Structures are given as structure tokens and as C-alpha cells.
Amino acid sequence: MIFDAGSTHTAMYIYKWQADKFNGTGVVSQVSSCTMPGGIGVALRQNPWADAPPYFDRCVKQGLASIPEERRGHSPVFLAATAGMRLVRSENAEQADEILSSVTRALELSAVGMLMSSSSVRVISGQEEGVAGWVSANYLLRTIYPRPTKLVGMLDMGGASTQITFVHRDASGAAGTGSAFDTAVRLYGARHQLYSRSYMCFGQNQLHNRYLVLLVQFDDYVNACSATKFTDEVRRGSGRVESRTPCVTWRTLNLMYTRLSAPKFRNISVTVEGQSDYERCRQRVGTLMNTAHCDRTFTSRDCFVAPPAHPADTNFVAVSGFWYVMDYLGFTKRNPSMSEFTSAVQNWCKNTWSSIKSMYPEDNEEYVSQECFEAEYQSQLLFQGYGIKNDTWKNIDFLKKVNGTSVGWTLGFTILSTNAFPEEQPLEPFPAATFTALMFFLGVCVGVCVTLAISLITRRYCNNNQVNVK
């Protein structure tokens with residue numbers, strides 16, 4: 001039973017694997033899943049000890065129903081929190097510890113009989129998340145099991161962070177460069193050297209918050225990345241931009257705290273109006289991607305630094321937020337060319353709010369209003385950030401699912417975890433000599449029984465027919 005405690009929701013998954021592994025690693029399959037709205041960093045922030053038990057109750061009951069009672073004592077429980085809780089911890093470590101402690105207690109009380117340890121509930125690093133997502137994608141594509149073939153890279157986009165992971169080789173073809181983002185994993189008897197990096201504050205939601213703060217910083221109350229006639233608000237301390245969040249707190253004397261606490265900003269909302277101006281939007285997003293500007297501006301120092309060049313023949317799977325952008329742009333059934341994608345982003349950003357609402361009348365306004373920003377950000381991240389060119393663009397597959405299963409890091413995390421569990425050995429078979437002796441004894445017994453049965457039947461037959469048998 002594993003919980004993915006993300007920034008916007010928590011999901012529970014039940015996975016199983018056979019007792020006997022394949023070259024030391026479990027062959028894992030999903031049994032069931034359940035989703036809880038709101039990440040634990042938000043849902044449990046005000047009163048964690050009271051709110052945690054009811055928050056987990058429904059999904060834990062569903063999970064327990066999927067696990068045979070006799071196996072619960074052999075089945076571990078994990079809750080791994082990702083970027084949302086990494087932000088909470090960087091802002092207030094004591095509060096993060098209290099949330100995690102309340103979660104641990106809630107799971108101990110509800111997941112009765114399951115295995116739990118001191119590390120069952122924790123915040124995982126972005127690198128762990130990226131590596132686990134890479135394992136999930138390659139496992140589902142059958143490129144890592146039963147034997148390695150053409151391994152793919154992984155691009156993941158969440159609300160608070162984004163990850164890139166790929167098999168790392170330097171110019172000479174040797175594995176890795178010894179950087180802090182290199183990691184080695186051993187799966188199904190093979191060793192893989194990976195580069196995996198997570199960019200905190202560069203998930204779609206947190207970078208959009210930075211974008212809104214940037215408008216206030218520049219006294220620019222025109223949102224060029226939003227449709228004409230759409231209005232948005234930057235509210236002090238709550239709402240669209242949480243001023244305490246490390247991702248959006250300024251470093252300079254024009255700190256957001258100071259600026260939005262000044263008399264003309266106190267207790268009011270700053271309204272920004274949409275303008276559907278693609279070129280201006282492109283420039284603003286480019287400013288957010290500029291490492292020097294980011295380092296001068298935000299206290300968290302979480303800024304974008306380009307990863308090393310990936311091998312030119314690397315195929316990537318792009319999931320989560322990457323796929324949803326392509327969905328809004330109309331590319332769910334085919335991957336567009338690079339020029340088609342670029343044109344689609346520009347055309348979307350020229351839409352008016354009324355035309356967008358007519359196309360997506362049932363969709364959440366907040367999500368739809370950010371689509372121009374997210375599409376342009378995805379464009380710059382891939383092209384300028386990750387170095388995707390016209391000849392390598394075709395190597396990216398934007399997917400929601402792989403072979404019918406959603407690609408998330410929990411499957412890979414579980415597969416990696418099976419390496420740490422001892423393999424349950426089947427009962428030892430009888431030695432050959434013992435087996436032979438038992439078979440001989442059984443054969444003698446069967447022979448005697450058959451002989452007696454035939455003799456008894458023959459005597460009865462003869463007696464009934466008055467035949468004298470000597």
C-alpha cells in the first residue's frame with residue numbers, strides 16, 4: 001500500500017509481486033487505487049491531528065479490502081510526499097514534521113496489521129521522484145524487463161516541480177559525469193546510470209504564481225499570457241498567490257512582503273487583466289527561465305539550470321502536465337511536428353476569453369485561463385531549457401497512459417523497493433534419495449492393494465458361480 005502525497009491530491013495504490021523475484025527485483029502489478037482531494041500540505045495544515053484520520057479512512061479501507069488478511073503482516077505501507085511537502089518543509093520544518101507525524105499516527109490506527117517502520121512516511125527528494133518515474137515508464141514499455149532494450153527518458157510536470165531523467169553518457173560514451181544528479185540503479189540484474197534532476201518551483205502552478213508576482217514587481221497589471229477580457233487577482237497572503245511560499249518571496253528591497261504590505265496594497269487585491277499578447281507573454285516567460293534574474297529575485301534560489309546534453313538518440317516519454325497541454329492544443333491522437341506545436345501555442349495565446357469559454361464551457365476557469373502560459377512555458381522549457389531541436393522533437397511521445405496504465409512514480413518506487421525485501425523462498429523439495437524411496441514405498445503399497453482387491457473380487461465371483469478354486 002503506497003500513497004503518493006502530491007501538491008494537489010493524494011493517491012493510494014495497491015501493488016503486488018510474486019514471492020520469487022526476477023534477478024533480484026520483483027515483477028509488480030497494480031491491484032487497486034483510490035484518490036483523496038487536496039495535498040496533505042494543504043488539507044492537513046490547519047489541524048493535522050484531527051484531520052488526518054478522516055482524510056485517509058476511505059482509501060485505507062479500500063486498500064485493506066484488496067489485501068488478503070493472511071498477507072497483511074507481510075505487506076508494507078509507504079507514504080511518500082513530493083514537491084508540495086518539500087515546499088512546506090522549506091518554509092516551516094516544524095509544521096512539516098507535525099503533518100508527517102499526524103499522518104504516521106493515522107495510518108498506524110487505520111492500516112491495522114500492515115508493516116510500518118520509521119521510514120514509512122517521509123518526504124522524498126525530487127531526484128528520487130524522477131528516478132522512480134523513469135523506472136515506471138520503462139517497466140510499462142517493457143524496455144527494462146525482462147531484459148534492457150531501448151530505454152526511454154522521462155519528462156514529468158507537476159504542480160510544484162518538474163523532472164527530467166535519462167540514461168547518462170558523456171562524450172566518450174562512458175556512463176555519467178559524477179555530478180550530484182547522477183544516480184545508479186540496479187534492476188532485474190542490470191545496472192543503469194541515470195541523470196535525474198527535479199526543478200523545484202518550476203511546476204506549472206508555482207511558476208505561474210511567480211509569473212503573477214513578476215507582474216506586480218514590474219508594475220505591469222496586464223496579463224499578456226491570459227485571454228483578453230479575463231481578469232485575475234494577486235491577493236496578499238492567500239488565494240492565487242500565497243506570499244509566504246518560498247517560490248514567490250522576493251529577495252530585493254521590493255520584497256513582496258513589503259510591497260503588498262505597503263499602505264496602497266494592504267488588505268486589497270491587485271487585479272491583472274488579460275491581453276492575449278503572445279510576444280509579450282513569451283518575453284515574460286523567458287524572464288522566469290532566466291537563471292540570473294531568478295537568483296536576484298527570489299529568496300528560495302530555486303532557479304533553472306540547464307541539464308547536460310542528453311544523448312541525441314534518446315526517446316522521451318512526457319507525462320502529466322506535458323500531456324494536458326497537448327490535450328488542450330488538440331494533439332491527443334497524434335504527435336505534431338515542432339512547427340505545428342509552435343504555431344498552435346501562438347494561436348491559442350491569441351484567443352479571446354469568450355472564444356475559449358465557448359470551446360471549453362465545462363472546464364475549470366482557472367485551468368483554462370492558464371493554458372497560454374503553460375503552453376509557452378512548456379515550449380521554452382523543452383527548446384531552450386532541455387535543448388530539444390527539430391531533429392530530436394520527433395523523439396518525444398506525449399502520453400497520459402502507457403499500455404493502459406497511468407505513468408506515475410509510485411510504480412517505479414515500489415519496483416525499486418522490492419530490491420530491499422528478502423525473497424520468500426518456496427518450501428525445499430525432498431532430496432532425490434528420499435523422493436525415490438517414498439515413490440518406491442508408495443508403489444509397493446499400491447501394488448499390494450491392487451493384488452488384494454483382485455484376489456477378493458475373484459473369490460467372490462467363484463463362490464457365486466460355485467467354481468472350486470484351489
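Residues numbered from 1 in each chain as written. Predicted model: local features only at pLDDT ≥ 70, side-chain atom pairs only at ≥ 80, totals over all residues. Heavy atoms only, no water.

Section: unusual backbone geometry
Outside of glycine, negative phi angles account for most residues, and trans bonds account for most peptide bonds.
Piece 1. Along the chain, tyrosine 145 connects to proline 146 via a cis peptide bond; the corresponding omega equals 5°.
Piece 2. By secondary structure assignment, the location of proline 146 is in the loop between α5 (126–140) and β6 (153–157).
Piece 3. Positive phi values are uncommon outside glycine, yet tyrosine 188 reaches one of about 55°.
Piece 4. Relative to the helices and strands, tyrosine 188 resides in the loop between β8 (182–187) and β9 (190–200).
Piece 5. A relative accessible area of 4% places tyrosine 188 in the buried class. (Helix = DSSP H or I, 4+ residues; strand = E, 2+ residues; numbered from the N terminus. Buried < 20%, exposed > 50% of the residue type's maximum accessible area, 1.4 Å probe, protein only.)

Remarks on the confidence of the model for the protein chain
Piece 1. Residues at a pLDDT of 70 or more form 82% of the protein chain, whose mean pLDDT is 84.
Piece 2. Contacts of residues 236–240 to residues separated by more than four positions or lying in other chains number 13 contacts, the stretch itself having pLDDT below 50.
Piece 3. Counted against residues more than four places away or in other chains, residues 426–430, with its pLDDT under 50, gives two contacts. (pLDDT = per-residue confidence, 0-100. Contact = heavy atoms within 4.5 Å.)

Side note on the sheet that holds β6
Piece 1. As summarised here, the arrangement of the six strands in space is β8-β9-β7-β6-β13-β14, forming an open sheet in which the pairing is mixed. Only two strands of the sheet have a single neighbouring strand rather than two, namely β8 and β14 (396–398). Taking each pair of neighbouring strands and ignoring which way they run, the sheet shows an average axis angle of 25°.
Piece 2. Pairing of strand β13 (residues 316–320) with β14 involves three bridges; the strand directions are parallel. When the sheet's bridge partners are listed, valine 317 is paired in β14 with aspartate 397.
Piece 3. Packing against the sheet, helix α3 (residues 83–91) makes contact with β7 (161–167) and β9, and its axis sits at approximately 55° to β9.
Piece 4. Along the sheet face, α5 touches β6, β7, β8 and β9 and points at about 55° away from the line of β7. (Pairing = 2+ DSSP bridges. Axes fitted to C-alpha atoms, helices over the stretch in contact; angles between N-to-C directions.)

Regarding the packing of aromatic side chains
Piece 1. Throughout the structure, instances matching the rule amount to 28 aromatic pairs.
Piece 2. Centroid distance tyrosine 199 to tyrosine 386: 6.5 Å. Interplanar angle 40°. Geometry classified as tilted. Of the two residues, tyrosine 199 is situated in strand β9 and tyrosine 386 in the loop between α14 (371–385) and α15 (390–393); the sequence distance between them amounts to 187 residues.
Piece 3. For tyrosine 199, a relative accessible area of 3% puts it in the buried group.
Piece 4. Its end group placed over the ring of phenylalanine 298, arginine 210 keeps NZ or CZ at 4.2 Å from the ring centre. (Phe/Tyr/Trp six-rings, centres within 6.5 Å; stacked < 30°, edge-to-face > 60°. Lys NZ or Arg CZ within 6 Å of the ring centre and 35° of its normal.)

Things to note about the sheet that holds strand β5 (residues 121–123)
Piece 1. Across the sheet, which stays open at both edges, the five strands sit in the order β3-β2-β1-β4-β5 with mixed pairing between neighbours. Of all strands in the sheet, those with a lone pairing partner are β3 (28–37) and β5, marking the two edges. Put simply, the sheet's adjacent strands are angled 20° from each other on average, direction ignored.
Piece 2. Here strand β1 (residues 2–5) runs beside strand β2 (residues 9–17); their pairing, made up of four bridges, is antiparallel. Considered in β2, the bridge of aspartate 4 is made with alanine 11.

Details of the pattern of salt bridges
Piece 1. Scanning the model with the defined rule gives nine salt bridges in all.
Piece 2. Here lysine 61 makes a salt bridge to aspartate 57, at a shortest N to O gap of 3.3 Å. Linking lysine 61 with aspartate 57, this pair stays in helix α2 (residues 48–65), spanning four residues, or about one helical turn.
Piece 3. Residue lysine 61 is classed as exposed on the basis of its relative accessible area, which comes to 53%.
Piece 4. On the basis of relative accessible area, aspartate 57 is assigned to the partly exposed category, the value being 31%.
Piece 5. Glutamate 129 is paired through a salt bridge with arginine 86; the nearest N and O atoms lie 3.1 Å apart. (Salt bridge = Lys/Arg side-chain N within 4 Å of Asp/Glu carboxyl O.)

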